[in-house]
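# Fold and contact review
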Amino acid sequence: MCPGNEASTGDLTVTVNGVAHPAAAGASLRDLVEALGFAGRPIAVEVDGDVIPRAALADRTLTGGERIEIVTFVGGG
Amino acid sequence: MHSVDTTAATHVLDDAPLVVGGITLSSRLVVGTGKYASYADMARSLDVSGTDCVTVAVRRERLVNAAGENILDHLDASRYALLPNTAGCYSADDAVRVARLGRELLRDMGSATSEWVKLEVLGDTKTLLPDPVGTLEATERLVADGFTVLVYTSDDPVIAKRLKTLGAASVMPAGSPIGSGQGVLNPNNLRICLEYLKDGDPAYPVIVDAGVGTASDVAFAMELGADGVLLNTAIAHAKDPVRMAAAMRAACQAGRLAFLAGRIPRRLYATASSPDEGRIVRPT
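All of these numbers come straight from a predicted model, not from anything done at the bench.

Cut-offs and rules
- Residues numbered from 1 in each chain as written.
- Chains lettered and ligands numbered in written order.
- Predicted model: local features only at pLDDT ≥ 70, side-chain atom pairs only at ≥ 80, totals over all residues.
- Heavy atoms only, no water.
- Helix = DSSP H or I, 4+ residues; strand = E, 2+ residues; numbered from the N terminus.
- Buried < 20%, exposed > 50% of the residue type's maximum accessible area, 1.4 Å probe, protein only.
- Contact = heavy atoms within 4.5 Å.
- Areas by Shrake-Rupley, 256 points an atom, 1.4 Å probe, with all protein chains shown as cover.
- Buried area = accessible area lost by both parts, 1.4 Å probe.
- Salt bridge = Lys/Arg side-chain N within 4 Å of Asp/Glu carboxyl O.
- Polar contact = N/O pair within 3.5 Å; in protein donor to acceptor, adjacent residues only side chain to side chain.
- Nonpolar A, V, L, I, M, F, W, Y, C, P; charged D, E, K, R; others polar.
- Pairing = 2+ DSSP bridges.

### Focus: the overall build of chain A
For chain A, the count of helices and strands is two helices and five strands. The linear arrangement of helices and strands in chain A, starting from the amino end, is α-β-β-α-β-β-β. Residues counted as buried form 40% of the 77 residues belonging to chain A. Of the contacts formed within chain A by residues at least 6 apart in sequence, a portion of 49% connects residues at least 24 apart. Counting every atom, chain A has about 3600 Å² of accessible surface; 51% of that belongs to carbon and sulfur.

### Points about the interface of chain B and chain A
Interfaces are often sized by the accessible area lost when the parts come together. Contacts between the two partners involve 33 residues from chain B, matched on the other side by 24 residues from chain A. Together chain B and chain A conceal approximately 2500 Å² of surface at their shared face, both sides included; 61% is due to carbon and sulfur atoms. If you sort the residues of chain B by the area they bury against chain A, R60, E61 and L63 of chain B come out on top, with a joint share of 27%. Joining chain B to chain A, the criterion identifies four salt bridges. Close ionic contact of R54 of chain A with D108 of chain B constitutes a salt bridge, the shortest N to O distance being 2.7 Å. The interface formed by chain B and chain A contains 15 residue pairs in polar contact (both at pLDDT 80 or more). Elements supplying a minimum of two residues to the side of chain B that touches chain A: β4 (53-60) and α3 (92-109) of chain B. No other element matches α3 of chain B, which puts nine residues into the side of chain B that touches chain A. Split into classes, the residues belonging to the side of chain B that touches chain A amount to 14 nonpolar, nine polar and 10 charged.

### Observations concerning the pairing of strand β1 (residues 12-16) of chain A
Every regular strand shows the same layout, with side chains that alternate between the two sheet faces. Residue and element names in this part refer to chain A. Of all five residues making up β1, four are buried, and the element is well covered by its neighbours. Sheet topology places β1 next to strand β2 (residues 19-23); five bridges connect them, and they run antiparallel. Directly across from V14, in β2, lies its bridge partner H21. In this antiparallel pair of consecutive strands, β1 and β2, the connection spans two residues, and N17 shows a positive phi of 50°. In terms of strand pairing, β1 meets strand β5 (residues 67-75) through two bridges, oriented parallel. Bridging across to β5, V16 finds its partner in I68.

### Describing unusual backbone geometry
All names here are of chain B. Unlike most non-glycine residues, K35 shows phi in positive territory, near 70°. Relative to the helices and strands, K35 resides in the loop between β3 (29-32) and α2 (39-49). Phi at A210 is positive, roughly 95°, even though this residue is not glycine.

Printed below as a string of structure tokens:
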């Protein structure tokens, strides 16, 4: 995030997959997932160690500082 | 020539299917989806291998180039049972965490194997050998959380027995280290694992996981009495993965048939296949 740029990009900062990411105050997890372009993609979301089912993403309002992991399947043995 | 009795030919190939965690698999090969040169190679190799159960890994979705291809675009989830692994986890905590994310991905897809996990708790990065203490702990926690746990372990029969006692749906002893291509290094340990795990419970599925280098390794594991073999690198990194997938399929079937048929005992000295009686000559 660029310092001083918070007002135009978001009021909160969350960490998504290890990277700081701006989010608007009052935004939900679903808003964040959509803003990242992951809506409709095969993903699972974890917030501060807890898995949040897709159906519950809209109900979870971001408060800032959350550590969020968004994962998918890749090739593996 | 005799006419071929097709009824008999069919019967000799009869075999009870492999059942893991209440789900019937038509193939005894479980094939990994990692390390292929392309998704097209992967898809063709899986097809030719005849497998109906494939492993996948759980990793961070890319924040950049998010429009890139996803492996699920190349895996027919109605054809293949997906088995998410906890590869890369070095503690029970991490493995449980990754298992829950894999479960969420599968639940979201409506997968029949949404509660399945291939549990790996690794001990160190050089050998990728399992950490037996962490593996036992994670198995206990995942079983309590409702998972169907297929657990990667060493070929140690005592740990194998304890994993089964903790409720693992399948114990999967390694033939040799992951990706090493060394085959089955200690067949005697595998024999003891099989004896212990199947004692009074002959249908308990034991799958040899890791170490396969070539087709004879698969055949050998199956001849020992394993219910299946899980492999990835031996196909994905073969010069011709699709042809190797065909070899693995044939080897798995050959090994299974040989196990069911029952091999002859090894003997130090020869026994003639032609009768001694009626010879027109005598040994000198």
